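# Survey of secondary and tertiary structure
One letter stands for each residue in the lines below.
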Amino acid sequence: MILRPYQKQACANVARKLRDLRSVLLVAPTGSGKTVMGSALISNRVRKGERVLFCAHRRELIQQSAKALRKSSVGAHSVGVIAPGAPSTPSLPVQVASIQTLLSRGFPD
């Protein structure tokens, strides 16, 4: 996957902030490639042996994001979905979920 210059800059900014902070929120307009940028960032973290939670706010976005992450360098066998009706795969390093589902299942802050 080849990132556009603004995507590379956004990813570099997020990576820099993650050195000092536990979590970072990337906000970008519709069509800017947030999932592509997220995939690049997630891939780097997974290569370092870290776990990642990718959150979206709608069921369609959860499925779309999980599909995109599976097709990316993150890999098909590294992505789980936390959603009603989805199989539980807590051992996978990347989980895609909605905040509503996490709260309803009693996940910690």
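In what follows, the structure referred to is the one given above.
Being a predicted model, the structure only gives us computed values, none of them experimental.

### Some remarks on the nonpolar core
- The biggest cluster of nonpolar side chains holds 14 residues, and the ones touching the most others in it are Ile 42, Leu 69, Val 74, Val 79, Val 94 and Val 96.
- Elements supplying a minimum of two residues to this core: α2 (34-47), β1 (52-55), α3 (59-71), β2 (79-82) and β3 (94-97).
- It is α3 that contributes the most residues to this core, three residues altogether.
- Not counting the four nearest positions on each side in its chain, Leu 69 is found in contact with Ser 39, Ile 42, Phe 54, Val 74, Gly 75, Val 79, Val 94 and Val 96.
- Membership of the second largest hydrophobic core comes to nine residues, among which are Cys 11, Val 14, Ala 28 and Met 37.

### A closer look at the packing of helix α1 (residues 5-18) against α2
- Packing of α1 against α2 leaves a shortest axis separation of 10 Å and a crossing angle of 40°. Considering the angle they form, α1 stands oblique to α2. α2 is crossed by α1, and the crossing has right-handed handedness. Between α1, through Gln 7, Ala 10, Cys 11, Val 14, Ala 15 and Leu 18, and α2, the contact on the second element is made entirely by Val 36, Met 37, Ala 40, Leu 41 and Arg 45.
- When grouped by side-chain class, the residues that make up the contact of α1 with α2 number nine nonpolar, one polar and one charged.

### Section: the sheet that holds β2
- The strand order β1-β3-β2 describes an open sheet built from three strands, whose pairing is parallel. A strand with exactly one partner marks an edge of an open sheet, and here the two such strands are β1 and β2. Within this sheet the neighbouring strands show an average axis-to-axis angle of 25°, counted without direction.
- As paired elements, β1 and β3 share four bridges and run parallel to each other. Bridge pairing in β3 links Cys 55 to Ala 97.
- Across the face of the sheet, α2 comes into contact with β1 and β3 while running at roughly 165° to β1.
- Sitting on the sheet, α3 is in contact with β1, β2 and β3, with an inclination near 170° to β2.

### Looking at α1
- Between its first and last C-alpha atoms α1 spans 20 Å; for 14 residues at 1.5 Å apiece the expected length is 20 Å, and the two agree.
- On its buried side, α1 packs onto α2.

### A short note on the pattern of salt bridges
- Across all of its chains, the model carries two salt bridges by this definition.
- The partner of Glu 50 in a salt bridge is Arg 45, and the shortest N-O contact between them spans 2.9 Å.
- When the shortest N-O distance is used, the salt bridge between Glu 60 and Arg 58 registers 3.3 Å.
- On the basis of relative accessibility, which here comes to 44%, the residue Arg 58 falls in the partly exposed class.

Rules of the game
- Residues numbered from 1 in each chain as written.
- Predicted model: local features only at pLDDT ≥ 70, side-chain atom pairs only at ≥ 80, totals over all residues.
- Heavy atoms only, no water.
- Core = buried A, V, L, I, M, F, W, Y, C linked by side-chain atoms within 4.5 Å.
- Buried < 20%, exposed > 50% of the residue type's maximum accessible area, 1.4 Å probe, protein only.
- Helix = DSSP H or I, 4+ residues; strand = E, 2+ residues; numbered from the N terminus.
- Contact = heavy atoms within 4.5 Å.
- Axes fitted to C-alpha atoms, helices over the stretch in contact; angles between N-to-C directions.
- Parallel < 35°, antiparallel > 145°, perpendicular 65-115°, else oblique.
- Left-handed = near helix turned anticlockwise from the far one by under 90°.
- Nonpolar A, V, L, I, M, F, W, Y, C, P; charged D, E, K, R; others polar.
- Pairing = 2+ DSSP bridges.
- Expected span 1.5 Å × (residues − 1).
- Salt bridge = Lys/Arg side-chain N within 4 Å of Asp/Glu carboxyl O.

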